[in-house]
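Residue-level structural notes
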Amino acid sequence: MTGDKSSATSQHMDKRRSTFSGKLGYVLAVAGSAVGLGNIWRFPYLAAKYGGGIFLLTYLILMLTFGYALIVSETALGRMTKRSPVGAFQTFGKKMPFKFGGWVNAVIPMLIVPYYSVIGGWVIKYLSEYLRGNTQILARDDYFTGFISDGFGVELWFLAFSLIVVVVLFAGVKHGVERVSKVMMPLLVILAVFVAGYSMTRPGALEGVKYFLIPNFENFSWMTVVAAMGQMFYSLSIAMGILYTYGSYMKKDVDIEKSTTQVEIFDTAIAMLAGLMIIPAVFAFSGGDPDTLQAGPSLMFITIPKVFASMGFGTGAGIMFFLLVLLAALTSAISLAESGVSTFEDQLGIGRHKATILMGVIMILFGSASALGFGVLDFVSVLGMSILDFFDFLTNSLMMPIAALATCLLVTHVAGLNRVIEEVEQSSEFKRKKLYCFFMKYLAPICIVIILLSSIANVFGWITM
Ligand code: PFF
């Protein structure tokens, strides 16, 4: 990206607004934001928990239909209005529904980045242990549980991660971040291919490969759909205002349809590689133990160390792996927090430093609650969930569907499908135009209603997540 992002949504910005350097620049920037903990940490544990192959199949279908339509819509609306979400919605009207639609999109990243940073802190802790050569200790069964319930230790690691994010935001070294992700992405792919290959060839691992890749309809439940949909939002950075902002930096000659496809392929490839690293390892090292498959957020931290402990050069692999995951997490967290900072700047009319401090305070308050929720605050349970799980649930299962619904309504009832199509056609043949219209008019609203109703049913205990 070139130019100054912070001036992006100010009133007179159209002439000065920064743009991505070109097609590749756009795809790399969006992929850099999309690929993060969602792919490596979140996707494998959800796939393990919600049915393996059937989860994967549901995810792929949703991504190619619903997800595709939403990415195209958000990007086109951003490019059309040249505004981030709050401004983009208000271009079409100043009344309450427009304000709400914009704000719900804009607030989500502010609620995600605190708990994202908690997981980022766990990654730093594991990296530091590998650096000290504690490869075997990390592979012990109860190591992870001991660590996250350990008083203020977790808080310090969380603060370390947050500090890096806030310092980068203060320094405003976005170009540096982009350069880091350009080098890091290919390295991450190479390492992931290597670890997945190792993990899949361990004795007993084949069962895991089958569990992950072959759909078994017996494992299907409503929660498979709900979890897959939430993950799709999360992983592709949809329904959180990010793509509006990125679209607003996009030049008119970038093919929205093609770049959407490229980002989807890249993001899914990394998620699948992570699945192939982690799920076969559950079968090889824990005998496919159902409890381990259900481990949830801790899965990556339980299985990956066992893989490395069994390798000849496991310490080196552990250092590389957690370093790359840390970098992927940092670039994503920085873009999440950056989006919060620019919303504050534009909407509250405060300077960048103040906006960054405000974002930092929100991170520390909500993040600390999530970090301590497994230890000193473990008596706190919100709707039966730990604090971290609650924030994840609130954003992915409740707020994102509402944000997505706002975008759908904006496209179908306010801007009009034709205007969005015109925007896309400026630089694209838009081969899937008919499908796009069908997805936006029918499929997306249905999916959104399903996810919302299921989430509410879950809150009342009618179904379990
Ligand atoms: N898509 C990221 C992930 O999968 O980890 C999460 C994310 C990062 C969402 C940055 C939004 C964003 F701006």
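Now for a look at the structure at hand.

What counts as what
Residues numbered from 1 in each chain as written. Predicted model: local features only at pLDDT ≥ 70, side-chain atom pairs only at ≥ 80, totals over all residues. Heavy atoms only, no water. Helix = DSSP H or I, 4+ residues; strand = E, 2+ residues; numbered from the N terminus. Buried < 20%, exposed > 50% of the residue type's maximum accessible area, 1.4 Å probe, protein only. Contact = heavy atoms within 4.5 Å. Core = buried A, V, L, I, M, F, W, Y, C linked by side-chain atoms within 4.5 Å. Near = heavy atom within 4 Å. Polar contact = N/O pair within 3.5 Å; in protein donor to acceptor, adjacent residues only side chain to side chain. Areas by Shrake-Rupley, 256 points an atom, 1.4 Å probe, with all protein chains shown as cover. Nonpolar A, V, L, I, M, F, W, Y, C, P; charged D, E, K, R; others polar. Salt bridge = Lys/Arg side-chain N within 4 Å of Asp/Glu carboxyl O.

Following the sequence through the fold, F322 ends up in helix α16 (residues 314-348). On the accessibility criterion, F322 (0% relative accessible area) is buried. Contact partners of F322, with chain neighbours within four places excluded, come to V123, Y126, L127, Y130, M300, F301, I304 and F308.

A word on the nonpolar core. One finds W122, M300, F322 and Y436 to be the most contacted residues of the largest nonpolar core, which totals 159 residues. Per-element accounting of this core gives the leading share, 17 residues, to helix α5 (residues 96-131). Other than its neighbours up to four places away in sequence, W122 contacts F144, F147, I148, V154, P297, F301, F374 and L388.

This next bit is on the environment of A328. Here A328 lies in helix α16. What makes A328 buried here is its relative accessible area of 1%. The spacing of A328 and A415 is 87 residues in sequence and 35 Å in space, taken between C-alpha atoms. A328 has contacts with V35, G36, M184 and L188, leaving out every residue within four places of it along the chain.

Around the ligand, a shell composed of 15 residues is seen, among which A34, G38, Y116, Y234 and I242 lie nearest. Note that an oxygen atom of the ligand is positioned 3.3 Å from one of the side-chain N or O atoms of N39. Backbone polar atom of Y234 to a nitrogen atom of the ligand: 2.8 Å apart, as the coordinates give it. When the free accessible area of the ligand is taken as 340 Å², the share hidden by the protein chains comes to 100%. Taken together, the residues that form the shell around the ligand break down as seven nonpolar, eight polar and no charged.

Moving on: the pattern of salt bridges. Enumeration according to the criterion identifies eleven salt bridges in this entry. Put simply, D141 and K306 hold a salt bridge, and the shortest N to O gap is 2.6 Å. Here K306 lies in helix α15 (residues 299-309) and D141 lies in the loop between α6 (135-138) and α7 (143-148), a separation of 165 residues in the sequence. Judged by its relative accessible area of 13%, K306 falls in the buried class. Between R352 and E345 there is a salt bridge, and its shortest N-O distance comes to 3.8 Å. Exposure remark for R352: the relative accessible area of 18% places this residue in the buried category. Where salt bridges share partners, they join R79, K252 and E423 into one cluster.

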